[in-house]
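Here is what each chain is made of, one letter per residue.
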Amino acid sequence: MALFCGLFNTPGGRLLADWSSRIEHLEFSTNPHGFATLQGMIPETLAGSFAVYDLDGLPRIHIGYNGWTVWEGRLEDMTIVNGGVRIGALGAQRALSDVPYTALWSTGGYSEWRPMTIDDRANTRTEKFEADNNNRIFIAPKKNEVMASSTIGRMGYAALHGGERYLITVAFTYDVYLDAGYTASLVSCSGGLGGSATSEWSVNGNGASQTGTATVTLTNATADAVLFQVACPAATYAGETGDRYLKITSLRIKTTASAAVYADEIVKALAVFVNGINSTQLDSNPMLIESPALDLVDESYADLYPEEILNRLIALGDNQTEPRQWEWGVWEDRRLHLRPRGSAARAWYVDASAVQIERTLEMLTNSGYAVHQNGRNETQRTAVNADADSVTRFGLTRRSAVNAQTTSATQAAVMRDTALADGANPRPRSAIQFLALYDAAGARWPLWACRSGDTITMRNLPVTLGAEIDRIRTFTVSETRYTVEADRLEVTPESPLPRLEVMVARMGEGYR
Amino acid sequence: MGLLYLAISDGTTTCTIADGSGGAVYYKLAYGKWAPRVAKLRQDTLGGRGPYTDETEEMLLNIHGATAADAYAKLQTLMQLIDQVKRWKRGETGATAVLLKYSPANATISSAASPLQATLLDGDVVLPGHFNAGDSVITGVKLTVKRLGEWLHTTDSKASAATSNGDKASVAMTGAITWPGPTKIQVEGVVSQAQGVDTRHYLALADTVNGISIFNAEDAASSAPWSSVNESAQYARNTNVLRYTPADTSEHESGAINIALAGANALPDGLMAIYACVRNNSSTGTTFRIRIRCSSRLYTSVYTTPKVIGAIATPRWVCLGLISAEQWSNAYINIAASAAADSLDIDTLVFVSQAVNTAVVSFTLSNGSGAAASGDMLEIDHKLLTAIAPKITTNAVIAVTQAYDSDAVVALKAATVYALVMATGGASSLNRWRQEASAAVNTNVITLVRHTAYLTPV
């Protein structure tokens, strides 16, 4: 089962060199995001070393087996040393950290809305109005202000400057309580809040409260800003401030026509974005991108690398009652995938030749309480909950205080219990060595076939070895490192993401 | 039968250490004794030079000259060869391979006229402490050379009958050999495409008839979204292809393809590589995800990892991955589409066992010109005795080096070797399931030039 190691000018392009018989100290690795690193040494003359060093473009290294890709990536690092060239390559996941991405996808907040001024747009006289963005958009004419027919009060929102996406839908609940002659409107702008304007929605005042909901698909195809405004008749407003108003709540702005914003739509766009700039580094094919089906309300990315965005999205989980962990990565053919963690895992069986198992109480938490605030912002503490089995097993109570940033005592208790579930029975750290890899049918596979995300079961550990044995015997592989010369595979077991971290991330987004 | 023969030569310059008949030579073994090291299976898994370890030979030589100056000149000649070994290994232009040629005493297979050969990879000469005595014989010169592990001997060249492209050919060699012998492969009757067409093709070889198994994908046609479609105009193997026409984006499984072959054709238990000839008929960007399910021991299902078929409008072979099973019974094709549109066709599935001695070489077929050329010849040459890396070429007009992304050093040992050319595209159109020219499927003649190889001297 001989591997091929070759250098190509582009993916699937011209073969620059077959290094199979020449490369020394070849090692390659995988991590949760796909092919990770490759190192090796090519013995060369100085001239030959510079010939490699000076190669145009970004050559690709491909490790193949009978037409199957074992490892592939781009040759990034070259060091000319005495006797040859040391090379370092990185897998295609690297492409997700080449170009920063700026775009709004969805926002449900009000903090970025602001009262506009005459400097923003002509006829804007928001000083004649009471306007706020305190969990709403509120524009109300002030008592005794003299209005002209050109007097307009405006609250505006501008999308991220230089973003990749235009505003597409604005959904909101409105309460238009204005007198006749007043008009409440939603206006979209191209070129910022002062740019060319398109009226998208309006309600004329009639002296009564007119309420409803609206989902406006902007007709302006290049809208990068929106504003709510109240236009006035030429008259003095004699009423009390606040008696007449435009109030907008349940506001959501999206840059997609989709009813909900799911992570897969964002990830597909990221793949297209990266491919559009570096077409040879990442494929734009969306076939391996699955949907967590979790509506993401607040997703706005300012100068973030796609890698950062992906890491954030997978931490949010999905819409399952017990949210699943998700993973992203790039394997063969530079195709980005988004899927539940472990859904594509292969199960391997090994006979461990050496086992190292470490138990530490450092991560033990078998008792805890949550600290939260009540409605008056007073600090509260929940009752203590304990895992009796864990206390008995370890002969020790280790208690932690969970900082639950919530005013809900119920939610605080849930977070306390989640932290307890994470920490009451910490998984021992383990490291194993093995010489061969088998599948469930007992067939022997090459060691390099094992990848990050696969599971390994040590089949030569007796089931009666200890109380913890079942938790050690099988583990998910976090990283692999294969040393070709020794035909040796090192694996790093995965440390599962604590459920509390996932919960906190979701809570920050408003999910429960 | 003769005496020891041992020499180092680049084909032009030769340093003879023993001439096979006990005659006078300039380079003699100091104590008249030397035994080669025996190579063993390498632990590392890289290809490019065969599966056996490189071995380092050490020998003490007495270099004889008519005078001291003559001895120095003989030493220089030896050193020139050693220097050339290093330059050749580093890939310097103009440096040719240097071989260690050897035949043990009383050998019946090798001889001075037909010695065992091994390419030298490195070398070193250390002079004795008394070198400056100025004698006409320099005694105790330590020569260290590193060579490829296998001793290569004569070649056995045999050709298959003309076989339709896409069918399994067989080559009857003179006989089986003990150790797998590096084999140069020539395939006549290939179609090479114009410059810029980088489609990958495959050549599978096996030492047993069940090492390569071919199945018609259209056998899996059951009901919608699966159908069997006539593609004879595009030279589909067995006339029809399996077509998947998605009605949604969910994954669907085809009917069964019976892979429970009998007798000598039964698929070997264990690891298998699966290849498929596919064509994405989408004009709107629909992509497909394929995985193969095989039933093992009748009840257990195993799957290949999903393979995405992007926008490829002409047939091509793809490797669907590795899978392992026992008592292979049925195969099922599972496909999901990115949209409920367009279709994906599959003509043939090929299973290549990894549990028996097989090899699959993946390469391009590009002639570097502006048009396709039929009647071209593909050559896969290991070049173990001449170059530091294998070479794959086509030679429509001139030898055009092809790209490849699998180990091109093929070693076989069976009396009958089986081969399958998995190539698409015709002389008139790329939209061909098999290679054709002049409105007929090409026939290939596969010639194997196989070295006999030894780990111990014979």
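Placed above this text is the structure.
None of these values were measured; they are calculated from a predicted model.

### Brief notes about the sheet that holds strand E15 (residues 183-190) of chain A
Residues and elements named next belong to chain A.
Logical step 1: Strand order across the open sheet formed by five strands is E9-E13-E18-E15-E16, with antiparallel pairing between neighbours. Looking at which strands have only one partner, the edges of the open sheet turn out to be strand E9 (114-115) and strand E16 (196-204).
Logical step 2: In terms of strand pairing, strand E13 (residues 152-158) meets strand E18 (residues 225-231) through seven bridges, oriented antiparallel. Following the sheet pairing, Arg-154 is matched in E18 by Gln-229.

### Section: the side chain of Glu218(B)
Residues and elements named next belong to chain B.
Logical step 1: Take Glu-218: it is sitting in the loop between strand E13 (212-216) and strand E14 (226-230).
Logical step 2: Put simply, Glu-218 is tucked away with no salt bridge, and the nearest opposite charge, on Arg-237, sits 7.2 Å away.
Logical step 3: In this structure, Glu-218 is in contact with Ser-228, Arg-237, Asn-238, Asn-240, Val-241, Leu-242 and Asp-347, ignoring residues within four places of it in sequence.

### Brief notes about the packing of helix H2 (residues 263-277) of chain A against helix H3 (residues 306-315) of chain A
Residues and elements named next belong to chain A.
Logical step 1: Close contact between H2 and H3 brings their axes to 11 Å; oriented N to C, the two are set at 165°. The orientation of H2 with respect to H3, classified from their angle, is roughly antiparallel. Considering only the axes of H2 and H3, their crossing is left-handed. When H2 is examined against H3, the residues Ala-263, Ile-266, Val-267, Leu-270 and Val-274 are found in contact with a partner set consisting of Pro-306, Ile-309, Leu-310 and Leu-313.
Logical step 2: Of the residues belonging to the contact of H2 with H3, the class tally is nine nonpolar, no polar and no charged.

### So, the pattern of salt bridges
Residue and element names in this part refer to chain B.
Logical step 1: In total, this model carries 48 salt bridges over all chains according to the counting rule given.
Logical step 2: Its salt-bridge partner being Lys-86, residue Asp-122 comes within 2.6 Å of it at the nearest N-O pair. On the criterion of sequence distance, the pair formed by Asp-122 in strand E6 (residues 116-126) and Lys-86 in helix H1 (residues 68-89) is long-range, its members being 36 residues apart.
Logical step 3: Overall, the relative accessible area of 30% leaves Asp-122 in the partly exposed class.
Logical step 4: With its nearest N and O atoms 3.0 Å apart, the salt bridge here joins Arg-87 to Glu-92.
Logical step 5: Given a relative accessible area of 34%, Arg-87 falls into the partly exposed group.

### Topic: the interface of chain B and chain A
Logical step 1: Across the boundary between the two partners, chain B contributes 47 residues, which contact 41 residues of chain A.
Logical step 2: Between chain B and chain A, a total of about 3,700 Å² is buried, with carbon and sulfur atoms accounting for 58% of that surface.
Logical step 3: The largest per-residue losses of area from chain B upon contact with chain A belong to Thr45(B), Leu46(B) and Leu322(B), which jointly make up 18% of the total buried on that side.
Logical step 4: Linking Asp333(A) and Lys307(B) is a salt bridge whose minimum nitrogen-to-oxygen distance equals 3.1 Å.
Logical step 5: At the boundary of chain B with chain A, the tally comes to 15 residue pairs in polar contact (both at pLDDT 80 or more).
Logical step 6: Secondary-structure elements contributing two or more residues to the side of chain B that touches chain A are strand E12 (200-206), strand E18 (270-280), strand E19 (288-296), strand E21 (307-309), strand E22 (316-325), strand E23 (330-337) and strand E25 (358-364) of chain B.
Logical step 7: When the residues that make up the side of chain B that touches chain A are grouped by side-chain class, the tally is 19 nonpolar, 16 polar and 12 charged.

What counts as what
Residues numbered from 1 in each chain as written. Chains lettered and ligands numbered in written order. Predicted model: local features only at pLDDT ≥ 70, side-chain atom pairs only at ≥ 80, totals over all residues. Heavy atoms only, no water. Pairing = 2+ DSSP bridges. Helix = DSSP H or I, 4+ residues; strand = E, 2+ residues; numbered from the N terminus. Buried < 20%, exposed > 50% of the residue type's maximum accessible area, 1.4 Å probe, protein only. Lys, Arg positive; Asp, Glu negative; His and termini not counted. Salt bridge = Lys/Arg side-chain N within 4 Å of Asp/Glu carboxyl O. Contact = heavy atoms within 4.5 Å. Axes fitted to C-alpha atoms, helices over the stretch in contact; angles between N-to-C directions. Parallel < 35°, antiparallel > 145°, perpendicular 65-115°, else oblique. Left-handed = near helix turned anticlockwise from the far one by under 90°. Nonpolar A, V, L, I, M, F, W, Y, C, P; charged D, E, K, R; others polar. Buried area = accessible area lost by both parts, 1.4 Å probe. Polar contact = N/O pair within 3.5 Å; in protein donor to acceptor, adjacent residues only side chain to side chain.

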